[in-house]
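# Results of the structural survey
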Amino acid sequence: DFLICWMKTNVLRNQMDHFPQDLVQSNGRFLYEMIEFLSGKAVPQKGRGGADGTSSSFRSNDRGGKGKNRELVKITALMAQYEQLLHFLKTHGAMLASVRPEHFLSSEHYLRLMQSSNAGLTRRQVEKVFYAKSMEAWLSCILQTIKVFLLSRITYKSFKTLPGMTDTIDFPVSGPVGEDAEGGMGE
């Protein structure tokens, strides 16, 4: 909740109410907004023809197996978009080795993708893994974006100039744990 509130207040132009559902439904628009605001650079996005991420050359009048093909083309286009996003963040120093482009997909798209590559998978098996991976992927990207484009600007010198900071390091209020116990217990 705190992160969403901070994002709404400081970096987002549009309202995000539900994490990560709003990110998934908008194909990551809020994350792109945040990156562009903090970095001042647009994230390159290859393969964005139509509004749904597909180009018009994939349209067909055939109603049979082409519907599934069209959906897989859309999923592949979204994955290419997310791959570009990850590449952009990694080249700027983000640590996102555990994040895969398919983790950004909606649960239905992820299910279709997994079932197309692994025919024996059930919906339950896919959903068991998906929600945790999706939440982790979106949260990791947001936090790494903050680390790379915002926190990297803070230096020791600039931190010292903040109100309330002194040149000398403040001493702790009490000593390390256990020092009081050693002096009073053995006597």
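Please read all numbers here as calculations on a predicted model, not as lab measurements.

### Focus: the overall build of the protein
The helix and strand tally for the protein stands at 8 helices and 0 strands. Counted from the first residue to the last, the protein has its helices and strands arranged as α-α-α-α-α-α-α-α. The buried share among the 187 residues of the protein stands at 32%. For the protein, long-range pairs separated by at least 24 residues make up 61% of all intrachain contacts whose partners lie at least 6 apart in sequence. Summed over its atoms, the accessible surface of the protein is roughly 12400 Å², and 56% of this surface lies on carbon and sulfur atoms.

### Section: the side chain of Asp22
Mapped onto the elements, Asp22 comes out in helix H2 (residues 21-25). Discounting chain neighbours no more than four positions away, the residues touching Asp22 are Met16, Asp17 and Phe30.

### Let's talk about the confidence of the model for the protein
In regions of low pLDDT, the predicted coordinates are not meant to be interpreted in detail. Here the protein averages 80 in pLDDT, while 77% of its residues score no lower than 70. Predicted confidence in the protein is weakest over helix H8 (residues 179-185), with a mean pLDDT of 54, and strongest over helix H6 (residues 123-149), with 92. With pLDDT under 50 throughout, residues 48-64 is counted as low confidence; its partners more than four residues away or in other chains account for 15 contacts.

### A short note on the layout of surface pockets
Estimates place the volume of the largest pocket at around 190 Å³. Along its surface, the largest pocket is lined by Pro20, Gln21, Val24, Gln25, Leu105, Ser106, Ser107, Phe130, Tyr131, Ser134 and Met135. Elements supplying a minimum of two residues to the lining of the largest pocket: H2 and H6. With 4 residues, the single largest contributor to the lining of the largest pocket is H6. For the lining of the largest pocket, a count of residues per class yields 6 nonpolar, 5 polar and no charged.

### Observations concerning unusual backbone geometry
In this model, Asn27 sits at a positive phi of 55°, which is unusual for a non-glycine residue. By secondary structure assignment, the location of Asn27 is in the loop between H2 and helix H3 (29-39).

### Notes on the pattern of salt bridges
Following the criterion strictly, the structure yields 5 salt bridges and no others. For the salt bridge of Arg123 with Glu127, the shortest nitrogen-to-oxygen distance reads 2.9 Å. With a gap of 4 residues between them, Arg123 and Glu127 both fall in helix H6, about one helical turn apart. Its relative accessible area of 35% is what places Arg123 among the partly exposed residues.

### Focus on the side chain of Glu102
Topologically, Glu102 is positioned in the loop between helix H4 (66-91) and helix H5 (107-117). Setting aside residues no more than four positions away along its own chain, Glu102 makes contact with Met79, Tyr110 and Leu113.

### Some words on the packing of helix H1 (residues 2-10) against H6
It is at 12 Å that the axes of H1 and H6 come closest, and there the two elements cross at 50°. Relative to H6, the element H1 lies oblique. The element H1 and its partner H6 pack so that their crossing is left-handed. Between H1 and H6, the residues in contact are Leu3, Trp6 and Met7 and Leu139, Ile142, Leu143 and Ile146, respectively. Split into classes, the residues belonging to the contact of H1 with H6 amount to 7 nonpolar, no polar and no charged.

### Structural notes on H1
When we look at burial in H1, the residues that qualify are Leu3, Ile4 and Met7. All buried residues of H1 project into a common sector of 100° when viewed along the axis, lining one side. Every exposed residue of H1 that faces more than 90 degrees away from the buried side is listed here: Phe2 and Thr9.

Rules of the game
- Residues numbered from 1 in each chain as written.
- Predicted model: local features only at pLDDT ≥ 70, side-chain atom pairs only at ≥ 80, totals over all residues.
- Heavy atoms only, no water.
- Helix = DSSP H or I, 4+ residues; strand = E, 2+ residues; numbered from the N terminus.
- Buried < 20%, exposed > 50% of the residue type's maximum accessible area, 1.4 Å probe, protein only.
- Contact = heavy atoms within 4.5 Å.
- Areas by Shrake-Rupley, 256 points an atom, 1.4 Å probe, with all protein chains shown as cover.
- pLDDT = per-residue confidence, 0-100.
- 1 Å grid on protein atoms, 1.4 Å probe; cavity = no way out; pocket = protein on both sides within 12 Å on 5 of 7 lines; lining within 4 Å.
- Points joined across faces, edges and corners; volume = space filled by probe spheres on them.
- Nonpolar A, V, L, I, M, F, W, Y, C, P; charged D, E, K, R; others polar.
- Salt bridge = Lys/Arg side-chain N within 4 Å of Asp/Glu carboxyl O.
- Axes fitted to C-alpha atoms, helices over the stretch in contact; angles between N-to-C directions.
- Parallel < 35°, antiparallel > 145°, perpendicular 65-115°, else oblique.
- Left-handed = near helix turned anticlockwise from the far one by under 90°.
- Arc of directions from axis to C-beta.

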